[in-house]
Amino acid sequence: MLRFVPSFQRQLRNRLVANSQRALFISCTRPAPLRRPLRSPVPSRRGILTSATTMPRSQNEMKTSLGSFDLLQRIKVDNSEVVISRWQSRESGLTVVHVDYDAPIVKGYFVVPTEIFNDSGCPHTLEHLVFLGSEKYPYKGVLDNLANRAFAAGTNAWTDTDHTAYTIETAGEQGFLQLLPVFVDHILYPTLADSGFVTEVHHINHKGEDAGVVYSEMQGRENTPGDLAALRQQRLFYPSGSAYRSETGGLMEALRKLTIDEIRNYHASYYVPHNLCLIVSGKLSTEALLGTVHREVEPRIKAHNQANGPRPAGWKRPFMETPSIQVAKMPETLKDVVEFPESDESIGELQLSFVGPTVHEHGDHRYLMDKAIDVLGVYLTESAVAPLTKQFVEIESPLCTYISFYESAKASFTTLDVHFGAVPTEELDLLAGKFKSALECIVRDGFDMNRIRLVLKKERLRVSSSLESSGGDYFTNSIINDFLYGDANGQDLGPLVAEFGRLKHLSEWTNQDWVNVLEKFYIKNNPVVIQSKPSAKLQEILEATEKARVQKQREKLGPVGLEKLKKILEDAKTEHDRPIPSEVLTSFPVPDVSTISWIPVDSARNESGKVTSRGRPPNAASTSVEDYLTKDPASVPYFIQFDHVKSHFITVSAYLSTAKVPPQLKPYISAYLSSFFMLPIIRSDGTRVSHEEVVRQLEDDTVSYGISLGYEGYFQELVRCSIKLETSQYSTGIAWLRDLLFCSEYDVERLTVIAAKLQQNLPEMKRDGNTVVGSVYGQLLFDETSTLQASALLAQLDFSPKLSQLLKTDPKRVVQDLQELRSYLTDPSALRFSVAGNVLALEKPRSAWMQYFKELPNVVLEPVPWASQNLSDIGKKPVRQGIVVSLATIESSFALHTTKSISGFGHPEHPALRLACEVLDGAESYLWKFIRGSGLAYGANLSLDSEAGLLSLQLYRCPNSFQAFEEAAKVVKGLADGSVAIEDTTIDAAKSSIAYDIAQSLSTPKKATTSSFVNQVLRDVPQDFGQLFLQQIRGVTKEEVQESIRKYILPLFDASSSVAVVVSAPSKAGEIKDSLTALGYEVEARTLDVRQEDLDAMEVDESGSEIDSDSENGSDSNDGMEPHR
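Thresholds, definitions, all that
Residues numbered from 1 in each chain as written. Predicted model: local features only at pLDDT ≥ 70, side-chain atom pairs only at ≥ 80, totals over all residues. Heavy atoms only, no water. Helix = DSSP H or I, 4+ residues; strand = E, 2+ residues; numbered from the N terminus. Rg over C-alpha atoms; globule rule 2.2 N^0.38 Å. Buried < 20%, exposed > 50% of the residue type's maximum accessible area, 1.4 Å probe, protein only. Areas by Shrake-Rupley, 256 points an atom, 1.4 Å probe, with all protein chains shown as cover. Lys, Arg positive; Asp, Glu negative; His and termini not counted. Charge placed at Lys NZ, Arg CZ, Asp CG, Glu CD. Axes fitted to C-alpha atoms, helices over the stretch in contact; angles between N-to-C directions. Parallel < 35°, antiparallel > 145°, perpendicular 65-115°, else oblique. Contact = heavy atoms within 4.5 Å. Nonpolar A, V, L, I, M, F, W, Y, C, P; charged D, E, K, R; others polar. Pairing = 2+ DSSP bridges. Phe/Tyr/Trp six-rings, centres within 6.5 Å; stacked < 30°, edge-to-face > 60°. Lys NZ or Arg CZ within 6 Å of the ring centre and 35° of its normal. Arc of directions from axis to C-beta. Expected span 1.5 Å × (residues − 1). Polar contact = N/O pair within 3.5 Å; in protein donor to acceptor, adjacent residues only side chain to side chain. Salt bridge = Lys/Arg side-chain N within 4 Å of Asp/Glu carboxyl O. pLDDT = per-residue confidence, 0-100.

**So, the overall build of the protein**
Phase 1: Helix and strand content of the protein: 44 helices and 32 strands.
Phase 2: Expected size for 1125 residues packed as a compact globule is a radius of gyration near 32 Å; at 28 Å, the protein falls within 12% of this value.
Phase 3: C-alpha atoms of the protein, sized along the principal axes, occupy 80 × 70 × 70 Å.
Phase 4: When the 1125 residues of the protein are sorted by exposure, 66% land in the buried category.
Phase 5: When the accessible surface of the protein is totalled, it reaches about 38200 Å², and 50% of it is carbon and sulfur.
Phase 6: Separation between the mean location of the 117 positive side-chain charges and that of the 145 negative ones in the protein comes to 2 Å.

Quick look at the structure:
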């Protein structure tokens, strides 16, 4: 559970298709790995396989002792510059791991193993309470305020089944080392005040309703299909007495009974120095890191009488020396059904859980076995030609829309999960048996060893690519696992990170080796089988039960009790509102921006046959890339931008404009994107390549490939297709672009399968409040010419059934429509190409294009389409309109309040408005304090969309979104009229946070080159716009911030200058509608309900799709210029 919700931080217009990325984005890139992927538990023995060098201390250039810290292990990771060193304090037992590599961002992961044997949620509550102040810094929000001054964007944390991790990222070393002791003080010695429990964990408000940040979070999750199935699986799968059976997030019933004293006792037991590991990744001095901990952290530990060595008397290592060490036993298959609230009862989910490799049985071979199982999952499911995907998904009536294999390490064994998404409910009883039969067929027929070799090759490339983009941060999950379950002296760390060695060993395996693994762990192994079934009646039952419970609680408390609780909450808020003394904040100097390091990108472009460098003065010297391109004499008539950066890879991309696509064709974009890499092609010589062979060849030739709308929430009137390859495969990548753009055959059979998957996924998409609110927002503010709007949930709910029907009744029309769509998208005036990576290593950077795109003429390019061109009348003038959607599948509410704003990234008021947004919604700033801190919402942010010219207030997972809106209005009005002061320290912190955002957005080769293209070609600003914007931000005054609040943000709270879109649980929808109406909004009430009988009436086969994201490291990045769009 994250303090910030990742999807909430993503760009706003991405939310029009959030979760529908399955419908709009296709990629061969593997899904972002689980935050902690498979690593089996480990005994105290050194592994036999390694491609990481454990350096003998005699060969170690570093000291083996620094202050109170002794070096346990130092490892140089092969095929990279990453060096990992693990240290431990002989005095306190505190562990420090430094992952040293060259990167502009320094990252910290501070990990506490957190074992609990009940559902109280103590680990999760501490994840929140730790941030409310410490003994040395007893002020709510001081940690995030100091982090904001340290070139960071606040702090963060997550709670998992077996640990809690606290995180911080800073641009550069200085701010990180300043903040480290403060953060550790909060972790080890938090205030844990009664007032913090009231606001952050649970309270009952003056209406007798339960609230609090943690409570609201779990209220929004507890009855979702994923959480319900996971809890039931834990109860059935893990043995009695095991902590793995617990809901570490806390069940609502338990949270209502939890006390602050229970949390304090839990903290005293587990938040101790010898149970804490500080993992620090990035370029900083190990000596400086350990010196800071020795000088500023260890004395605090001694002062608390906690310097008792690595293993104090009576200490039992969590999970490893408790009943949780038991191995799960499955003498027979266990089955159960969980119901979740949903009016559409057509689609459910299925999960199978198996006992995987055990430490006792596999010993030194455990890491090899772990990797084999991981590769096996890829072989079985990844890509359209994978055996299970081909049999279950790529069919006319899909049995599911995606299959995922997951592995998670436990203390003595590995849990193996298989998840089937978007399963027709009539298949839920049968699918587990069909799964087993499919695996038995593979055993009988044998593995495709050529494909096994291809999968292993791709894995090696994936690891290399990840190491280049993430550096040593790639190993964070493994290091966490090592601390949780590995040898106490770090002897298992080397084998854990030896990815290349394991892959090499697996390349020598025979068919029988793979058969043995498949049979042992999936065929002859008894699983726990959990069916997740939708139930329309359950929603009514849950709503009635909750209403009755709250009413009974209200009656029991009575007016006097409710008034008393109101006073307790107000007092808690007052205590939290104590100002942080300015001297505490100013004692932490803001680092100089000159300390931020930037990845250099050398850029030039080919345009109308000439090579130029954008923005270079006429008499200035040419760049090295410009000179290099000029030496390749080909006359290329179309636009290509080349962005060079140090890399082992090259990425070729095409950007296609949808501006000329007629509105009636735009709903086909979802099918176009989903089918892009999955159709047969007919090459220029007449050769027909089947869709399966297309997929196989792409897998063999590339590192990754993907297609999507736009770039991280922006420019989504463009289609972006990218192919990443080894540099030596540059020409091959260009050839693939040509074939995929122009030569695909719209085969009706393939289109039918793809359309079925798209439709089957719709019920799952519409269960998510965040997805629905974004889609309704898009429908209101954008017109029929908007590609993104046409591809979003509401439009696809209408179009997908029609597409499936047309493929039955008039398939020629569908083929003709797609061909016409393609002709618009590939119009030469709408085509732009990009080459990013090691350009200087390309033998023929320009002439290679003429080999495959010689037919493209020299034409004048159409301007890049911006979202502002597709606004509806309401979008152009957002006034008074309100929409409240009742959604039965959620128990909270989501809202977007929108007004007009500046348009254009170079707008002169952009820096001041961007800073004003950061002042308001930065970590522990005004919206955080007044909304999240009061338990009114799990998240509240401003979203500036300079492309569309809109500004929105986003309210995420609220008990009642209108109450959060009211509170936001109060604080914004106060800031506007001066009754709420803006402190200088707040301005400084906001500027520092933006500096981090910009540095982070340019922190990897891929991000730096993509930013270069986006700035110069799409935004039409200089390549180094981020750095220039940062300089502009530094010059913004407090008066300019206040003026931006008055001019642009205050109108959000006036019905005459704003619109409101809310998606809410049915129990609150009426109240929210009435409240908005009272403010002057003309509110339309809606209910989102796609019933099975409605679809049956259209005689349509339902289906859906799981499409992976190609975003680097599995997440979108904020470039700093636009807050949380």
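Resuming the write-up.
**Quick word on the packing of helix α17 (residues 449-470) against helix α20 (residues 499-506)**
Phase 1: Their axes nearest at 10 Å, the elements α17 and α20 cross at an angle of 170 degrees. Relative to α20, the element α17 is oriented roughly antiparallel. Note on element contacts: α20 touches α17 through Glu499, Phe500, Leu503 and Leu506, opposite Leu456, Glu459, Arg460, Arg462, Val463, Ser464 and Leu467.

**As for the packing of helix α3 (residues 122-129) against helix α6 (residues 194-201)**
Phase 1: Put simply, α3 and α6 touch, their axes get as near as 10 Å, and they point 105 degrees apart. Regarding the angle of α3 to α6, the classification is roughly perpendicular. On α6, the residues touching Thr125, His128 and Leu129 of α3 are Gly196, Phe197, Glu200 and Val201.
Phase 2: Tallied by class, the residues present in the contact of α3 with α6 amount to 3 nonpolar, 3 polar and 1 charged.

**Some thoughts on the sheet that holds strand β28 (residues 893-900)**
By way of backbone hydrogen bonds, the strands of a sheet pair with one another, either parallel or antiparallel.
Phase 1: The mixed open sheet is built from 6 strands, whose spatial order is β29-β30-β28-β31-β27-β32. Edge positions in the sheet fall to β29 (939-945) and β32 (1082-1087), since each of these pairs with one other strand and no more. On average, each strand axis in the sheet is tilted by 15 degrees relative to the strand beside it, whichever way the strands run.
Phase 2: Here strand β27 (residues 881-886) runs beside β32; their pairing, made up of 6 bridges, is parallel. The residue bridging Gly882 from the neighbouring strand is Val1083, located in β32.
Phase 3: Strands β28, β30 (950-958) and β31 (1059-1064) of the sheet are contacted by helix α38 (residues 961-977), whose axis makes an angle of about 130 degrees with β30.
Phase 4: Contacts from helix α43 (residues 1066-1078) reach β27, β28, β31 and β32, with the element oriented near 165 degrees to β31.

**Here we look at the environment of Ile263**
Phase 1: Topologically, Ile263 is positioned in helix α10 (residues 260-270).
Phase 2: By relative accessible area, which is 0% here, Ile263 ends up buried.
Phase 3: Leaving out residues up to four positions away in the same chain, Ile263 has contacts with Cys122, Thr125, Leu126, Leu129, Phe197 and Leu258.

**Digging into the packing of aromatic side chains**
Phase 1: Under the definition given, this model contains 43 aromatic pairs.
Phase 2: Through pairs of rings, three or more aromatic residues link up here, namely Phe237, Tyr238, Tyr244, Phe319, Phe413 and Tyr485.
Phase 3: Across the ring face of Trp736, the terminal group of Arg683 is positioned such that the distance to the ring centre comes to 5.3 Å.
Phase 4: The aromatic ring of Tyr938 is capped on one face by Arg957, whose charged end is 5.5 Å from the ring centroid.

**Notes on helix α26 (residues 691-701)**
In an α-helix, one turn spans 3.6 residues; hence positions three or four apart end up facing the same way.
Phase 1: Those residues of α26 lying buried are His691, Glu692, Val694, Val695, Leu698 and Glu699. Summarising the axial view, the buried residues of α26 lie within an arc of 160 degrees, below the 170-degree limit, and thus occupy one face.

**A few points about the sheet that holds strand β15 (residues 402-409)**
Phase 1: Read from one edge to the other, the open sheet built from 5 strands follows the order β13-β17-β14-β16-β15, with strand pairing classed as mixed. The sheet is open, and its two borders are formed by β13 (334-341) and β15, each paired with just one other strand. Looking at each pair of strands side by side, their axes are set apart by 20 degrees on average, direction ignored.
Phase 2: Taken together, the 8 bridges between β15 and strand β16 (residues 413-424) define a ladder with antiparallel strand orientation. Residue pairing for β16: Tyr406 is matched across the bridge by Asp417.
Phase 3: The strands touched by helix α21 (residues 511-523) within the sheet are β14 (347-358), β15 and β16, with β14 carrying the most contacts at an inclination of about 115 degrees.

**Some words on helix α28 (residues 748-760)**
Phase 1: Spanning 13 residues, α28 covers 18 Å between terminal C-alpha atoms, matching the ideal 18 Å at 1.5 Å per step.
Phase 2: Where burial is concerned, most of α28 is hidden: 11 out of the 13 residues are buried.
Phase 3: The N-cap residue of α28 is Asp747: its side-chain oxygen and the backbone nitrogen of Glu749 are 3.2 Å apart.

**As for the pairing of β31**
Phase 1: Along β31, 6 of the 6 residues are buried, which leaves the element largely enclosed by surrounding structure.
Phase 2: Direction of pairing for β27 relative to β31: parallel, over a ladder of 5 bridges. The residue bridging Val885 from the neighbouring strand is Val1063, located in β31.
Phase 3: Where β28 lies against β31, 6 bridges are found, and the strand directions are antiparallel.

**Structural notes on the pattern of salt bridges**
Phase 1: Tallied over the full model, the rule gives 57 salt bridges.
Phase 2: A salt bridge links Asp119 to Arg235, with the nearest nitrogen and oxygen atoms 2.5 Å apart. Of this pair, Asp119 sits in the loop between β7 (105-113) and α3 while Arg235 sits in helix α8 (residues 225-237), placing them 116 residues apart in sequence.
Phase 3: On the basis of relative accessibility, which here comes to 17%, the residue Asp119 falls in the buried class.
Phase 4: For Arg605, the salt bridge identified is with Glu607, shortest N-O distance 3.9 Å.
Phase 5: Owing to a relative accessible area of 11%, Arg605 belongs among the buried residues under this scheme.

**Here's the deal with the pairing of β7**
Phase 1: Burial of β7 is extensive: 9 of the 9 residues sit out of reach of the surface.
Phase 2: Residues Ile105, Lys107, Tyr109, Val111 and Pro113 line one face of β7 and the alternating positions Val106, Gly108, Phe110 and Val112 line the opposite face, and both faces are buried.
Phase 3: One ladder, built from 5 bridges, connects β7 with strand β12 (residues 277-281); its direction is antiparallel. What sits directly across from Gly108, in β12, is Val280.

**Focus: the confidence of the model for the protein**
Phase 1: Of all residues in the protein, 90% have pLDDT values of 70 or greater, and the mean over the chain is 89.
Phase 2: Below pLDDT 50 for its whole length, residues 56-60 participates in 5 contacts with residues either more than four positions away or in separate chains.

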